[in-house]
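Fold and geometry: a report
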Amino acid sequence: MSDLLERLRGRGWRMTSQRRVVAEVLDGEHVHLTADEVHARAVARLPEISRATVYNTLGEMVSLGEVLEVSTDGRAKRYDPNARHAHQHLICSGCGSIRDVHPQGDLIAALPAAERFGYVISAAEVTYRGLCPSCSQA
Ligand SMILES: [Zn+2]
Ligand SMILES: [Zn+2]
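Below or above, wherever it landed, is the structure these notes cover. Keep in mind that this is a model prediction, so the values were computed, not measured. (Residues numbered from 1 in each chain as written. Chains lettered and ligands numbered in written order. Predicted model: local features only at pLDDT ≥ 70, side-chain atom pairs only at ≥ 80, totals over all residues. Heavy atoms only, no water.)

Quick look at the sheet that holds strand β6 (residues 127-130)
One open sheet holds the three strands; their spatial order is β5-β4-β6, and the pairing between them is mixed. Strand pairing shows two members of the sheet lacking a second neighbour, β5 (98-101) and β6, which therefore form its edges. The mean inter-strand angle of the sheet, taken between neighbouring strand axes irrespective of direction, is 25°. With four bridges connecting them, strand β4 (residues 88-92) and β5 associate as antiparallel partners. Bridged to Ile91 within β5 is Ile98. (Pairing = 2+ DSSP bridges. Helix = DSSP H or I, 4+ residues; strand = E, 2+ residues; numbered from the N terminus. Axes fitted to C-alpha atoms, helices over the stretch in contact; angles between N-to-C directions.)

Following this line, the structure appears as C-alpha cells:
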C-alpha cells in the first residue's frame, strides 16, 4: 500500500471528508487513474462529491508533490500516488493497464556526454510498452 493519506496529513493538509475519499481512492500500488475514474470511485463512497471538487483536490495533491500527473499516448492524464519513489511505467498496448517499474542503472548517466548538447539534465523518463498477460492470450 502507498501511504498517501499519511503523507498528506504530514504536510498539514486539512483532511475534509471529500479530500479523504479522493486520497483513499488513489491509495495503493500501481494506481494510475484518470480524473473521471477517480470521480466515479469517489461517488461510490460519497455520492454528493462533485466532479469540480475531485478535480480541485487532485490539483492540490499534485501541487503538493504527493501525486504525479502521468501522460500516456495523448490519452487522458492519469494520477499516480507513487510520488516519493522514482519509477518508470510499463504500459499494455492492448488494454492500457500501467505498472510501476524500476529499471536498473541510472537513466541520466546512460545518456552519453556527446548527446547532452550542453544541457544540465535533471530528469529522464522511459515508457516500456507491450502486451500484458491477459492481452497476449487474447
Ligand atoms: Zn492488457
Ligand atoms: Zn506510476
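Things to note about the coordination of the zinc ion (ligand 2)
Distances from the zinc ion (ligand 2) to its protein donors, His32 (NE2), Asp80 (OD), His87 (NE2), His89 (NE2) and Asp100 (OD), fall within 1.9 to 2.2 Å. Within one chain, the residues serving as donors to the zinc ion (ligand 2) are arranged as H-x47-D-x6-H-x1-H-x10-D. Of this pair, His32 sits in the loop between α2 (17-26) and β1 (33-34) while Asp80 sits in strand β3 (residues 78-80), and the two are 48 residues apart along the sequence. Its relative accessible area of 0% is what places Asp80 among the buried residues. (Donors = N, O, S within 2.8 Å, 3.2 Å for Na, K, Ca; no water. Buried < 20%, exposed > 50% of the residue type's maximum accessible area, 1.4 Å probe, protein only.)

Comments concerning the sheet that holds β3
Reading across from one edge, β1-β3-β2 is the order of the three strands in this open sheet, with antiparallel pairing throughout. The sheet terminates laterally at β1 and β2 (68-70), the two strands that pair on one side only. Judged from the three bridges that link them, β2 and β3 form a sheet pairing that is antiparallel. Residue Glu69 lies in a different strand from β3, and its bridge partner there is Tyr79.

Digging into the coordination of the zinc ion (ligand 1)
Within the protein, the zinc ion (ligand 1) binds to Cys92 (SG), Cys95 (SG), Cys132 (SG) and Cys135 (SG); these donor distances fall in the range 2.2 to 2.3 Å. For the zinc ion (ligand 1), the four donor atoms are set out with angles of 105 to 114° between them, so the coordination reads as tetrahedral. We classify Cys95 as partly exposed; its relative accessible area is 47%. (Tetrahedral: all angles 85-135°; square planar, octahedral: opposite > 155°, others 65-115°.)

With respect to the nonpolar core
As a rule of thumb, nonpolar side chains are buried together in soluble globular proteins. With 21 residues, the main nonpolar core has Val22, Leu26, Val38, Val54, Leu58 and Met61 as its most contacted residues. Per-element tally for this core: the top contributor is α2, with five residues. Non-local contacts of Val54, meaning those with residues more than four positions away in its chain, are made with Val22, Ala35, Val38, His39, Ala42 and Ile49. (Core = buried A, V, L, I, M, F, W, Y, C linked by side-chain atoms within 4.5 Å. Contact = heavy atoms within 4.5 Å.)

So, α2
For α2, every residue scored as buried is listed here: Arg19, Val21, Val22, Ala23, Val25 and Leu26. Within two residues after α2, Gly28 carries a phi angle of roughly 135°, on the positive side.

Without other data, these values stay purely geometric and don't point to any function.
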